[in-house]
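Each chain, written out:
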Amino acid sequence: EKSGNKFFPVHRLDRETSGAILLGKSAEAASYVQKNFSSVSKEYIAVARGVTEKNFTIDIPIGPARYSLIKKKREAYPGAEENALTLFTLLSSSGNYSLVKAELVTGRMHQIRVHLKYSGHPIVGDKMYSDDETIYLDYVESGLTEELISRAGFPRCALHSSLIVFYDDYEMKDIHVTASLPEDMSSLVAVLKL
């Protein structure tokens, strides 16, 4: 609205995820990138609970959560309907927290969040995929309260889209779109000494 132009989303980020997102200047441009979105590289930064391995891969399919009170919640388990592959790299750790880079090989809904939960390292502030799903249920009922922030560890899911790389046929080169950590996550990283 501020620019007076209309933009068309190529993809989406989860509501509480910050960072880089691609928008097309026309519906045709957005549609073209969407058709080739499997070739787009995406990297994220997350603050996870616990100390992860240095480099690890989660190659476990994702499907609807089988035993959850949350209808839209997903879960990683053998036999689930959507193949999902995420590559993780430990960037730093301190105390009981890790700063990790996640590279998506597939692009499933909530994939990084689900795979980190599966690995035993849920993302700090993730209400839906924490070890206590009542945090999410209380959030839906009462909104974001100081007590809920205390239980979750952060006001939002500490997940950030830091890099998107796609090939531009018009420029005939890879385009790198980066987004620095926002102030809230930078502060969290500093407080946790990551």
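Peer 1: Explain the overall build of the chain to me, please; I cannot follow it from the model alone.
Peer 2: What the chain contains, in helices and strands, is 5 helices and 11 strands. Taken over the C-alpha trace, the chain has a radius of gyration of 17 Å; the compact-globule value for 194 residues is 16 Å, and the two agree within 12%. The principal-axis extent of the C-alpha atoms belonging to the chain is close to 50 × 40 × 35 Å. Here the chain holds 194 residues, and 44% of them are scored as buried. Long-range contacts, defined as pairs at least 24 residues apart, comprise 60% of the intrachain contacts of the chain with a sequence gap of at least 6. Per element, the accessible surface of the chain, about 10900 Å² overall, is 52% carbon and sulfur. For the chain, the distance from the average site of its 23 positive side-chain charges to the average site of its 25 negative ones is 1 Å.

Peer 1: How do you make sense of the environment of phenylalanine 37 when you look at a structure like this?
Peer 2: In this fold, phenylalanine 37 is placed in the loop between α1 (27-35) and β4 (41-49). Note on phenylalanine 37: relative accessible area 17%, which makes it buried.

Peer 1: Looking at this model, I keep getting lost on the layout of surface pockets. Mind explaining?
Peer 2: The gaps left among the atoms become clear once a water-sized probe is rolled over them. The volume enclosed by the largest pocket comes to roughly 470 Å³. In terms of lining residues, the largest pocket is bounded by 21 residues, among which Arg12, Lys42, Leu104, Gly107 and Arg108 are the most central. Of all the secondary-structure elements, those providing two or more residues to the lining of the largest pocket are β4 and α2 (111-118). With 3 residues, α2 is the largest single contributor of residues to the lining of the largest pocket. When grouped by side-chain class, the residues that make up the lining of the largest pocket number 9 nonpolar, 7 polar and 5 charged.

Peer 1: Which parts of the structure should I look at to understand the environment of alanine 30?
Peer 2: Tracing the backbone shows alanine 30 in helix α1. Here alanine 30 falls in the buried class, since its relative accessible area comes to 3%. Along the backbone, alanine 30 and lysine 127 are 97 residues apart, and their C-alpha atoms lie at a distance of 31 Å. Discounting chain neighbours no more than four positions away, the residues touching alanine 30 are Phe8, Pro9, Val10 and Gly24.

Peer 1: Help me out: how do you make sense of α2 in this one?
Peer 2: Turn by turn, an α-helix covers 3.6 residues, leaving residues three or four places apart pointing in a common direction. Extensive coverage of α2 is indicated by the burial of 6 of its 8 residues. Within α2 the residues assigned to the buried category are Gln111, Ile112, Arg113, Val114, His115 and Leu116. Of the residues trailing α2, glycine 120 is marked for its positive phi of about 90°.

Reading guide: rules and limits
- Residues numbered from 1 in each chain as written.
- Predicted model: local features only at pLDDT ≥ 70, side-chain atom pairs only at ≥ 80, totals over all residues.
- Heavy atoms only, no water.
- Helix = DSSP H or I, 4+ residues; strand = E, 2+ residues; numbered from the N terminus.
- Rg over C-alpha atoms; globule rule 2.2 N^0.38 Å.
- Buried < 20%, exposed > 50% of the residue type's maximum accessible area, 1.4 Å probe, protein only.
- Contact = heavy atoms within 4.5 Å.
- Areas by Shrake-Rupley, 256 points an atom, 1.4 Å probe, with all protein chains shown as cover.
- Lys, Arg positive; Asp, Glu negative; His and termini not counted.
- Charge placed at Lys NZ, Arg CZ, Asp CG, Glu CD.
- 1 Å grid on protein atoms, 1.4 Å probe; cavity = no way out; pocket = protein on both sides within 12 Å on 5 of 7 lines; lining within 4 Å.
- Points joined across faces, edges and corners; volume = space filled by probe spheres on them.
- Nonpolar A, V, L, I, M, F, W, Y, C, P; charged D, E, K, R; others polar.

Purely geometric stuff here, so don't read any function into it on its own.
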